[in-house]
Amino acid sequence: MTTQLEDRPMMECAVRHGGTTLVIATHGPTVASTEALLAEAAAEAGVSLAFVGTTVEAAWHRLAEGDVAGHNELLAQAIRAQQAAGRIDSVVLAQLSMTVFLLSHPDPVAEFGIPVFTSGQCGFERVAEVLRRG
């Protein structure tokens, strides 16, 4: 399986962070495909990575209706619920559209105690890194 280019930086962030990663998607099949991409990135890095997944379909419906705040709150609730259920060390938001989560929760480490990785943020950070190298 080949990692999708736009998701690669996010996968690498999660793998470097290590521990147990919570994969959240708003469309059911995306959890499994994201977990497969994480496993691939971890294997390429020669490290072990644990993950758990959840789907929050209601968040997709909120976003489709233009309710970004509602979408983001449902994702935050999913993070908190998983933290209450067991230890997680980071979160991966499986779809690019979920990057809007950072509008309501700009400092996930301060709020949740763990990083929340998105393909949007990790991807743009990679672009900035490439441009700085020049």
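Let us look at the structure shown here. Since the structure is predicted, the reported quantities are computational estimates derived from the model, not experimental observations. (Residues numbered from 1 in each chain as written. Predicted model: local features only at pLDDT ≥ 70, side-chain atom pairs only at ≥ 80, totals over all residues. Heavy atoms only, no water.)

**What to know about the environment of valine 127**
Turning to step 1, where the next piece is worked out: Tracing the sequence through the fold places valine 127 in helix α7 (residues 119–133).
Turning to step 2, where the next piece is worked out: For valine 127, a relative accessible area of 43% gives the class partly exposed.
Turning to step 3, where the next piece is worked out: Between the C-alpha atom of valine 127 and that of proline 9, which follows or precedes it by 118 residues, the distance is 9.7 Å. (Helix = DSSP H or I, 4+ residues; strand = E, 2+ residues; numbered from the N terminus. Buried < 20%, exposed > 50% of the residue type's maximum accessible area, 1.4 Å probe, protein only.)

**Some details on the packing of helix α3 (residues 57–64) against helix α4 (residues 68–85)**
Turning to step 1, where the next piece is worked out: Two elements in contact, α3 and α4, have axes whose closest approach is 7 Å; the angle formed by their N-to-C orientations is 165 degrees. Taken together, the axes of α3 and α4 lie roughly antiparallel to each other. In the crossing of α3 with α4, the sense of the turn from one axis to the other is left-handed. Contacts between α3 and α4 involve Ala58, Ala59, Trp60, Arg62 and Leu63 from the first element and Val68, Gly70, His71, Leu74 and Leu75 from the second. (Axes fitted to C-alpha atoms, helices over the stretch in contact; angles between N-to-C directions. Parallel < 35°, antiparallel > 145°, perpendicular 65-115°, else oblique. Left-handed = near helix turned anticlockwise from the far one by under 90°. Contact = heavy atoms within 4.5 Å.)

**A closer look at the pattern of salt bridges**
Turning to step 1, where the next piece is worked out: Taken as a whole and assessed by the stated rule, the structure comprises eight salt bridges.
Turning to step 2, where the next piece is worked out: Notably, a salt bridge pairs arginine 80 with glutamate 111, separated by 2.9 Å at the nearest N-O pair. With arginine 80 in helix α4 and glutamate 111 in helix α6 (residues 108–112), this pair connects stretches of sequence that are 31 residues apart.
Turning to step 3, where the next piece is worked out: Residue classification places arginine 80 among the partly exposed positions, given a relative accessible area of 36%.
Turning to step 4, where the next piece is worked out: Judged by its relative accessible area of 37%, glutamate 111 falls in the partly exposed class.
Turning to step 5, where the next piece is worked out: Each of Arg8, Glu12, Glu40 and Glu44 takes part in a single network of salt bridges with overlapping partners. (Salt bridge = Lys/Arg side-chain N within 4 Å of Asp/Glu carboxyl O.)

Honestly, it's all geometry; don't read function into it.
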